[in-house]
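Structural characterization, general
Chain by chain, the residues:
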Amino acid sequence: MTEIALLNVFVFFVGAAAASFLNVLVGGTGSIRQNLKRKRSRCDSCKMDLRWWELVPVVSWVVLRGRCSRCSSVIPVFHPLSEILLGIAFVLGYVSASSTAVALGYVGLIMVLYFFSVYDLFHGIVPRKLLFPLIAGAFLGRIVLAIAHAEWQMLVTGLIGALSGYAFFVILNFLSRKGVLPREKKSGESFGWGDANFALLIGLVLGWPLSFIALWIAVALGGLVGIVILLVVRQRGATMPFIPFLSVGTLVALVWGYAIMDWMRLYLSY
Ligand SMILES: [Zn+2]
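Residues numbered from 1 in each chain as written. Predicted model: local features only at pLDDT ≥ 70, side-chain atom pairs only at ≥ 80, totals over all residues. Heavy atoms only, no water.

Turning next to the coordination of the zinc ion. Within the protein, Cys 43 (SG), Cys 46 (SG), Cys 68 (SG) and Cys 71 (SG) serve as the donor atoms for the zinc ion, at 2.3 Å. In this structure, the zinc ion is coordinated by four donor atoms arranged in tetrahedral fashion, with angles at the metal of 104 to 116 degrees. When the donors of the zinc ion are listed by position in the chain, the intervening gaps give C-x2-C-x21-C-x2-C. Here Cys 43, found in the loop between α2 (32–37) and α3 (59–63), pairs with Cys 71, found in the loop between α3 and α4 (78–96); they are 28 residues apart in sequence, far enough to count as distant. (Donors = N, O, S within 2.8 Å, 3.2 Å for Na, K, Ca; no water. Tetrahedral: all angles 85-135°; square planar, octahedral: opposite > 155°, others 65-115°. Helix = DSSP H or I, 4+ residues; strand = E, 2+ residues; numbered from the N terminus.)

This model, assessed by the stated rule, comprises two salt bridges. Two residues, Arg 51 and Glu 54, come together in a salt bridge whose shortest N-O distance is 3.3 Å. On the basis of relative accessibility, which here comes to 8%, the residue Glu 54 falls in the buried class. Arg 265 is the salt-bridge partner of Asp 262, the closest N and O atoms lying 3.3 Å from each other. Of this pair, Asp 262 and Arg 265 both sit in helix α10 (residues 243–269), three residues apart, which is roughly one turn of that helix. Asp 262 sits in the partly exposed class, given a relative accessible area of 45%. What makes Arg 265 exposed here is its relative accessible area of 55%. (Salt bridge = Lys/Arg side-chain N within 4 Å of Asp/Glu carboxyl O. Buried < 20%, exposed > 50% of the residue type's maximum accessible area, 1.4 Å probe, protein only.)

The omega torsion of the bond from Trp 208 to Pro 209 falls at 5 degrees, within 30 degrees of zero and hence cis. Looking at the element boundaries, Pro 209 is found in the loop between α8 (193–206) and α9 (210–233). The phi dihedral of Arg 65 falls on the positive side, at around 50 degrees, and the residue is not glycine. At Ala 150, a residue that is not glycine, the phi angle is positive and equals roughly 50 degrees. Along the chain, the position of Ala 150 falls in the loop between α6 (128–149) and α7 (153–177). Judged by relative accessible area, Ala 150 falls into the exposed class, the value being 64%.

The next thing to look at is α6. Here α6 contains 22 residues, and its C-alpha end-to-end distance of 31 Å stays within 8% of the 32 Å for a straight helix at 1.5 Å per residue. Burial in α6 covers these residues: Leu 131, Ile 135, Ala 138, Arg 142 and Ala 146. Angular distribution of buried residues about the axis of α6 spans 70 degrees; they occupy a single face of the element. Opposite the buried face of α6, at more than 90 degrees from it, the exposed residues are Lys 129, Leu 140, Val 144, Ile 147 and Ala 148. In the core, the buried residues of α6 are packed alongside α5 (100–123), α7 and α8. In the segment just after α6, Ala 150 is the residue with positive phi, at about 50 degrees. (Expected span 1.5 Å × (residues − 1). Arc of directions from axis to C-beta. Contact = heavy atoms within 4.5 Å.)

Helix length check: α8, at 14 residues, gives a terminal C-alpha distance of 20 Å against a target of 20 Å (1.5 Å per residue), a fit within 8%. Among the 14 residues that make up α8, 11 are buried, leaving the element largely enclosed by the rest of the structure. Of the surrounding secondary structure, the elements contacted by the buried residues of α8 are α5, α6, α7, α9 and α10. Gly 207 lies just past α8 and shows a positive phi near 80 degrees.

Close contact between helix α1 (residues 3–26) and α4 brings their axes to 7 Å; oriented N to C, the two are set at 130 degrees. Comparing their axes, α4 and α1 come out oblique. In this structure, the crossing between α1 and α4 has a hand that is right-handed. The residues of α4 that touch α1, namely those facing Leu 7, Asn 8, Val 11, Phe 12, Val 14, Gly 15, Ala 16, Ala 18, Ala 19, Ser 20, Leu 22 and Asn 23, are Phe 78, His 79, Ser 82, Glu 83, Ile 84, Leu 86, Gly 87, Ile 88, Phe 90, Val 91, Tyr 94 and Val 95. (Axes fitted to C-alpha atoms, helices over the stretch in contact; angles between N-to-C directions. Parallel < 35°, antiparallel > 145°, perpendicular 65-115°, else oblique. Left-handed = near helix turned anticlockwise from the far one by under 90°.)

Let us look at the environment of Thr 250. Residue position: Thr 250 is located in helix α10. What makes Thr 250 buried here is its relative accessible area of 1%. Linking Thr 250 and Leu 215, residues 35 residues apart in sequence, is a C-alpha distance of 7.7 Å. Sequence-distant contacts of Thr 250, that is, excluding residues within four places in its chain, are made with Leu 109, Leu 113, Ile 202, Leu 206 and Ala 214.

Such coordinate-based values are descriptive only and should not be taken to indicate function.
Shown next as structure tokens:
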């Protein structure tokens, strides 16, 4: 194996380990603070702490054939799948980063995206106490970057990205209240305001026009999955978490955004 391939395998396992840590943090029960205090991962059925060889991401699940070594209850396939997913996301971020500092930034962002996605998936909400400081931080980051590079455009593109993303959800919710778009029964809107707030963060981080690409990838993916769910479950008005789609859109825009724009320009000019 070449050195680069070995490095990618290492980055993959760092991502997979991050997933298993974040899964404990999001947890099924207990607050994030409580989950943080619980130092070791444990089996959900027999509550026994896992031993070191049961904690190796992906590998342990395969070796144990998806069952706890003590009580032999099934370990949900979500665990290895989520570890593989975040491992791949880490490698993608690492490979497309131009420097070590940028790579660390990408990895941090990917962890944030993952955390909010899994939280939305399990709890159906976006924790504001965590999201709002991140939005403020991203805004400050844009200001610092703009001053450091003496380029106000850096701040402007971030603001346009954030506000256009937020406006996008405002318009969609307006249309769903008017009955133009399908909507959730309880609120009468098609999206939660957590999604709109999350779009503020994405817009500030990616900046216009990458934020626009992220949004449309999210809508396209979400639409596809929504149609499949509608066909399989045949239940209208069911809620579907949207943060995972926004997160995938953000990662794709981050890694391939400019390539996608080049391709579109080429395609549209013929
Ligand atoms: Zn067990």
